[in-house]
Structure formats: C-alpha cells, structure tokens
Amino acid sequence: MLMPKRVKYRKVQRGRRKGISSRASELSFGKYGIKALESGWFTDSQIEAARVALTRKLQRGGKIWIRIFPDKPVSKKPAETRMGKGKGAPDHWVCVVKPGRILFELDGVPRELAREAMRLCAHKLPFRVEFVER
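Residues numbered from 1 in each chain as written. Predicted model: local features only at pLDDT ≥ 70, side-chain atom pairs only at ≥ 80, totals over all residues. Heavy atoms only, no water.

Draft legend 1. Structural detail: the nonpolar core. In terms of nonpolar packing, the biggest core is built from 23 residues, with Phe42, Leu103, Phe104 and Leu125 touching the most fellow members. Within the residue set of this core, elements represented by two or more residues are strand S1 (32-36), helix H1 (44-58), strand S5 (89-97), strand S6 (102-107), helix H2 (111-122) and strand S7 (129-133). Not counting residues up to four positions away in its chain, the partners in contact with Leu125 are Ile34, Phe42, Ala50, Leu103 and Phe104. (Core = buried A, V, L, I, M, F, W, Y, C linked by side-chain atoms within 4.5 Å. Buried < 20%, exposed > 50% of the residue type's maximum accessible area, 1.4 Å probe, protein only. Helix = DSSP H or I, 4+ residues; strand = E, 2+ residues; numbered from the N terminus. Contact = heavy atoms within 4.5 Å.)

Shown next, in the form of structure tokens:
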C-alpha cells in the first residue's frame, strides 16, 4: 500500500473538505484522465484497487500516471474501547480529494479502450468522477 516514508507528525486532525481543487485540475502528462466531481477521502487501498483495475484492462499497454498520494494518517481506536484515554493509533492513510482534481492519467492507448479502463477504475472510487481528455 502507498504511504509516506516519514512524516513530521504522527497524528493529524480531520480538517474540512470545502472548496474546489486549485492544483492538478488539468491534464499534465497523459491524453486521458479521470477528474473528481465530489470531495472525499481516498484511502491507500482504494488507490491500489483502482490502479489494478486500470492495468488489468490495459494488459501492460499504455502509460499510467497516479496524480494523488495518501499523505494523511487516519487514527482509529480499538473496537469495544471506552471513551477517553486519548486519540487512537494511526490506522491507515488517505488522500484528501476536492472537486476538480485529476486522479489518474493515461496515454498510449485508443480512446475507447481508455474510456472503458477509466470506467472500470471509477467503480473502485468512493465518489463520482468524470472522464476527461485533451
């Protein structure tokens, strides 16, 4: 799974997911991509599942760019634990995604194959996305 090698702080606060994405809202590397239409947290396992769906459909053809990285730790207290006693230990990593953010890019394949691969990839994502092209 994706996760940072080192972080400055072990635990972070939840934050607010408001506004639209100012960065990474245009295609930079590939010819096709998928753009987020809603905000949300994208976990490391969801990114991996989407990547596997893309590569399986493309059968080692084309080039894929993953434009997001999970750099936010999410803490979780153990099951059946009483309230209090501080914040739980880091459980998994997420990437904060705002509307307009390009998630994956693709190049070197025909348009129909790219569209179908992105459709399969979109089924693995926790929010609505749209297919974009140059």
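Draft legend 2. Fine view of the sheet that holds strand S4 (residues 72-76). The strand order across the open sheet formed by 3 strands is S2-S5-S4, and the pairing between neighbours is antiparallel. A strand with exactly one partner marks an edge of an open sheet, and here the two such strands are strand S2 (40-43) and S4. Averaged over all adjacent pairs, the angle separating strand axes in this sheet is 50 degrees, with direction ignored. Strand direction decides the pairing type here: S4 and S5, joined by 5 bridges, are antiparallel. The partner of Lys72 across the bridge, within S5, is Val94. Set on the sheet, H1 makes contact with S2 and S5; between it and S2 the angle comes to about 70 degrees. (Pairing = 2+ DSSP bridges. Axes fitted to C-alpha atoms, helices over the stretch in contact; angles between N-to-C directions.)

Draft legend 3. Representation of the environment of His123. Along the chain, His123 falls in the loop between H2 and S7. A relative accessible area of 57% places His123 in the exposed class.

Draft legend 4. Representation of the packing of H1 against H2. Between H1 and H2, the least distance of the axes is 8 Å, while the angle of their chain directions is 150 degrees. If you check the angle between H1 and H2, you find them roughly antiparallel. In this structure, H1 meets H2 at a crossing whose hand is right-handed. Two secondary-structure elements touch here, H1 through Ala50, Ala53, Leu54, Lys57 and Leu58 and H2 through Leu113, Glu116, Ala117, Met118, Leu120 and Cys121. (Parallel < 35°, antiparallel > 145°, perpendicular 65-115°, else oblique. Left-handed = near helix turned anticlockwise from the far one by under 90°.)

Draft legend 5. Seen up close, the side chain of Asp44. By the element assignment, Asp44 lies in helix H1. Buried Asp44, no salt bridge; nearest opposite-charge side chain is Arg51, N-O distance 12 Å. When near neighbours in sequence (up to four residues on either side) are disregarded, Asp44 contacts Met1, Leu2, Pro70, His92 and Trp93. (Lys, Arg positive; Asp, Glu negative; His and termini not counted. Salt bridge = Lys/Arg side-chain N within 4 Å of Asp/Glu carboxyl O.)

Draft legend 6. Representation of unusual backbone geometry within the structure. With a phi angle near 55 degrees, Ala24 is a residue other than glycine that sits in the positive phi range. Within the secondary structure layout, Ala24 lies in the segment before S1. One non-glycine residue with positive phi stands out, namely Lys85, at about 65 degrees. Tracing the chain through its elements places Lys85 in the loop between S4 and S5. Residue classification places Lys85 among the exposed residues on the basis of a relative accessible area of 85%.

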